[in-house]
Amino acid sequence: MANPAHVPWTPPTAAEPVAATVQLPGSKSMTARALVLSAIGVGPSTLARPLRARDTEMMAGGLRAMGVSVSTVDDERWVVRPGTLQGPAHVDVGQAGTVLRFMPAIAGLAQGPVTFDGDPSVRQRPLRPLLDALRSLGVSIDTAPSGGLPLTVRGTGRVTGGEVVLDASASSQLVSGLLLAAPDFDRGVVVRHVGPAMPSAPHVRMTVQMLRAAGAGIDDSVRDVWSVEPGKLSGRGWTIEPDLSGAMPFFAAALVTGGSVTLLGWPRSSAQPVERLRALLGQMGGEVTLGTDGLTVRGTGVVHGLDADLSEVGEMTPVLAALGALADSPSRLRGIGHIRGHETDRLTALARELSALGASVTDTADDLEITPRPLRGGVFHTYDDHRMAHAGAVVGLVVPGVELDDVACTSKTMPDFPALWSAMVTGK
Ligand SMILES: O=C(O)C1=C[C@@H](OP(=O)(O)O)[C@@H](O)[C@H](O)C1
Ligand SMILES: C=C(OP(=O)(O)O)C(=O)O
């Protein structure tokens, strides 16, 4: 599936407070993990309400190429039937960090060569510590001279496994990618992170929780150390929660317009960091409540600046930065240097685009400092980054004349974003 052609888009401006109930797609992170765990399980698995988007189609396609049957014909229920993993096969990772970091270890379990490549931007994303770790666990990998994509994993049908030390400060996915395949390694794995703090810890907690649910023996009781015992996982039914990060721009709409947005289908107990969301939006003047109908965010129309360490929830930064540019006081978003290695260098992109609309935004190595000023319309560049598009749409709600140079990038995680967004604003 090629990177979609650019589609310019003028997001709607809200004439009044939004009052919407939204049904949003499933979590990208849960769908990716459920696919991988199902592929190495014994017997069939089902995914209820999975995310159908470019990232998860890439994951399904990569598994299929290696011999797994993944039926995605039914939007509500995907069925995975494991098969003997084998090459030769090719995995197109597109722009998906999950496919880039979760599939090489699975390819090590395949018999035969598996090649990997993706969009030009994904070649820049951190991968080396994972490849070095896999090599030390017994996997043979040939890479481009850069040390990354395009690459070939020369699978032998088994991975020895054992103990490995790696620096996961660039991405938590480097750890998740080892843990998810480890039940099928001969000796399981003990992964120890060393170096500056690992970001996005809730995503590794989701990995641990889902491995445990599939029957893996896993110990995460020591900080920065995870051990997974060898053993067969069982096929099972996964219910995919709505995507909390994908819901962020919709919740932000409640704050900036002084309205309310309810996300349907939110579970009582979630694998996603909803308490962090509650605290962050609370500091900015919103109210987050969980009711029988779903998760509701209410705003007053007045947004307060935010001073917070976002290292655990870096993927929420673009929308929080957009809120910061519309706030009544300055913001300092801290601890997010690693998001320079996301779909684009998000700190540079946000500083540039919000400043071009009139805000005063500067980026330091790890932080974003935002001083709100009256904003004006103009072109908001999205850099092929779905969450940049979300940020631009939020600003466009209250600033007339904001035009996104491309909204097709939202197909990475929410192909219907423009329609869902317009329906929220117009009530149709
Ligand atoms: O494991 C996952 O599903 C993810 C982990 C995080 O990656 P980083 O640790 O690279 O930030 C997050 O930002 C990404 O959107 C999804
Ligand atoms: C960082 C992100 O994605 P990926 O899974 O490609 O890392 C993201 O969705 O914000």
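Where an unreviewed UniProt entry is consulted, the protein chain appears under the name 3-phosphoshikimate 1-carboxyvinyltransferase, with the organism given as Asanoa hainanensis. The heading Catalytic activity (unreviewed entry) in the UniProt record of the protein chain holds the text "3-phosphoshikimate + phosphoenolpyruvate = 5-O-(1-carboxyvinyl)-3-phosphoshikimate + phosphate". Entered under Sequence similarities (unreviewed entry) in the UniProt record, the comment concerning the protein chain runs "Belongs to the EPSP synthase family."

Novice: Even after reading the chapter, I still don't get the site of ligand 2, so can you show me in this structure?
Specialist: Taken together, 14 residues sit near ligand 2, with Lys28, Gly97, Arg125, Arg387 and Lys412 positioned nearest. Protein coverage of the free-state accessible area of ligand 2, which is 290 Å², stands at 97%. When atoms are counted within 2 Å of each cavity's grid points, the one that captures over half of ligand 2 is the largest cavity. Considered class by class, the residues forming the shell around ligand 2 number one nonpolar, six polar and seven charged. Summarising the domain contributions, the shell around ligand 2 has at least three residues from each of domain 1 (19-25 + 242-426) and domain 2 (28-229).

Novice: It is not clear to me how the site of ligand 1 should be interpreted in this structure. Could you clarify?
Specialist: Near ligand 1, the surroundings consist of 13 residues, among which Ser29, Arg33, Ser171, Ser172 and Glu315 are the closest. At 2.9 Å from an oxygen atom of ligand 1 is found a side-chain nitrogen or oxygen belonging to Lys28. The side chain of Arg33 places a nitrogen or oxygen atom 2.6 Å from an oxygen atom of ligand 1. When isolated, ligand 1 has an accessible area of 380 Å², and the protein chains bury 96% of it. For ligand 1, the cavity whose grid points lie within 2 Å of the majority of its atoms is the largest cavity. When residues of the shell around ligand 1 are traced back to their parent elements, those giving at least two are α1 (28-39) and α3 (97-108). The element contributing the most residues to the shell around ligand 1 is α1, with three residues. In terms of residue class, the shell around ligand 1 is built from one nonpolar, nine polar and three charged.

Novice: So what exactly am I meant to see when it comes to the packing of aromatic side chains here?
Specialist: The description of an aromatic ring pair rests on the distance of the ring centres and on the angle between the ring planes. Tallied over the full model, the rule gives four aromatic pairs. Pairing Phe250 with Trp421 gives two aromatic rings, centres 5.2 Å apart and planes at 70°, and the pair type is edge-to-face. Taken together, the residues Phe250 in helix α7 (residues 244-257) and Trp421 in helix α12 (residues 417-426) connect sequence positions 171 residues apart. Neither Phe250 nor Trp421 differs from the other in exposure class; each is buried. Residue placement shows Arg236 over the ring face of Trp238; its charged tip is 4.2 Å from the ring centre.

Novice: Could you clarify how one ought to interpret the side chain of His203 in this entry?
Specialist: Turning to its location among the elements, His203 is positioned in helix α6 (residues 201-213). Looking at His203, the relative accessible area reads 17%, which means it is buried. Those residues in contact with His203, other than ones at most four positions away along the chain, are Ser29, Arg33, Ser172, Ser176 and Glu315.

Novice: Help me understand the domain arrangement of the protein chain in this model?
Specialist: The extent of an interface is frequently quoted as the accessible surface area lost upon association of the parts. As assigned here, the protein chain comprises domain 1 (19-25 + 242-426) and domain 2 (28-229). A straight line from the C-alpha centre of domain 1 to that of domain 2 covers 28 Å. With 19 residues of domain 1 at the contact, the number on the domain 2 side is 21 residues. Both sides together, the interface formed by domain 1 and domain 2 hides about 1700 Å², and carbon and sulfur atoms give 51% of it. Per-residue buried area on domain 1 facing domain 2 is highest for Ala271, Glu312 and Lys412; these three make up 35% of the total on that side. Counting across the domain 1 and domain 2 interface gives one salt bridge.

Novice: Hey, could you run me through empty space enclosed by the protein in this one?
Specialist: Taking a probe equal in size to a water molecule and rolling it over the atoms shows the remaining empty space. Considering all chains together, one arrives at five cavities of 30 Å³ or more under this definition. Here the largest cavity defines a volume of roughly 290 Å³. The wall of the largest cavity is formed by 26 residues, among which Lys28, Gln173, Ser200, Glu315 and His342 lie closest to the centre. Elements supplying a minimum of two residues to the lining of the largest cavity: α1, α3 and α11 (386-398). For the lining of the largest cavity, the per-class residue count stands at three nonpolar, 13 polar and 10 charged. Space inside the second largest cavity adds up to approximately 140 Å³. Forming the walls of the second largest cavity are 17 residues, and the residues nearest its centre are His203, Ser245, Gln272, Pro273 and Glu315. Elements supplying a minimum of two residues to the lining of the second largest cavity: α1, α6 and α7. Among the elements that take part in the lining of the second largest cavity, α6 stands out by supplying three residues, more than any other.

Novice: Explanation requested: unusual backbone geometry in the structure shown.
Specialist: Most peptide bonds take the trans configuration, and most residues that are not glycine carry a negative phi. Cis geometry marks the peptide bond from Gly87 to Pro88, where omega comes out at 5°. Looking at the secondary structure, you find Pro88 in the loop between β5 (77-81) and β6 (89-92). Positive phi, close to 50°, is recorded for Arg49, a residue that is not glycine. In this structure Arg49 comes out as partly exposed when scored by relative accessible area, which is 42%. Its identity is not glycine, yet Asp224 carries a phi of approximately 65°, on the positive side. Along the chain, Asp224 turns up in the loop between β12 (218-219) and β13 (225-228).

Definitions and cut-offs
Residues numbered from 1 in each chain as written. Chains lettered and ligands numbered in written order. Predicted model: local features only at pLDDT ≥ 70, side-chain atom pairs only at ≥ 80, totals over all residues. Heavy atoms only, no water. UniProt positions renumbered as here; feature names shortened; annotations may be inferred. Near = heavy atom within 4 Å. Areas by Shrake-Rupley, 256 points an atom, 1.4 Å probe, with all protein chains shown as cover. 1 Å grid on protein atoms, 1.4 Å probe; cavity = no way out; pocket = protein on both sides within 12 Å on 5 of 7 lines; lining within 4 Å. Sits in = over half its atoms within 2 Å of the grid points. Nonpolar A, V, L, I, M, F, W, Y, C, P; charged D, E, K, R; others polar. Domains from an automatic or database assignment. Polar contact = N/O pair within 3.5 Å; in protein donor to acceptor, adjacent residues only side chain to side chain. Helix = DSSP H or I, 4+ residues; strand = E, 2+ residues; numbered from the N terminus. Phe/Tyr/Trp six-rings, centres within 6.5 Å; stacked < 30°, edge-to-face > 60°. Buried < 20%, exposed > 50% of the residue type's maximum accessible area, 1.4 Å probe, protein only. Lys NZ or Arg CZ within 6 Å of the ring centre and 35° of its normal. Contact = heavy atoms within 4.5 Å. Buried area = accessible area lost by both parts, 1.4 Å probe. Salt bridge = Lys/Arg side-chain N within 4 Å of Asp/Glu carboxyl O. Points joined across faces, edges and corners; volume = space filled by probe spheres on them.

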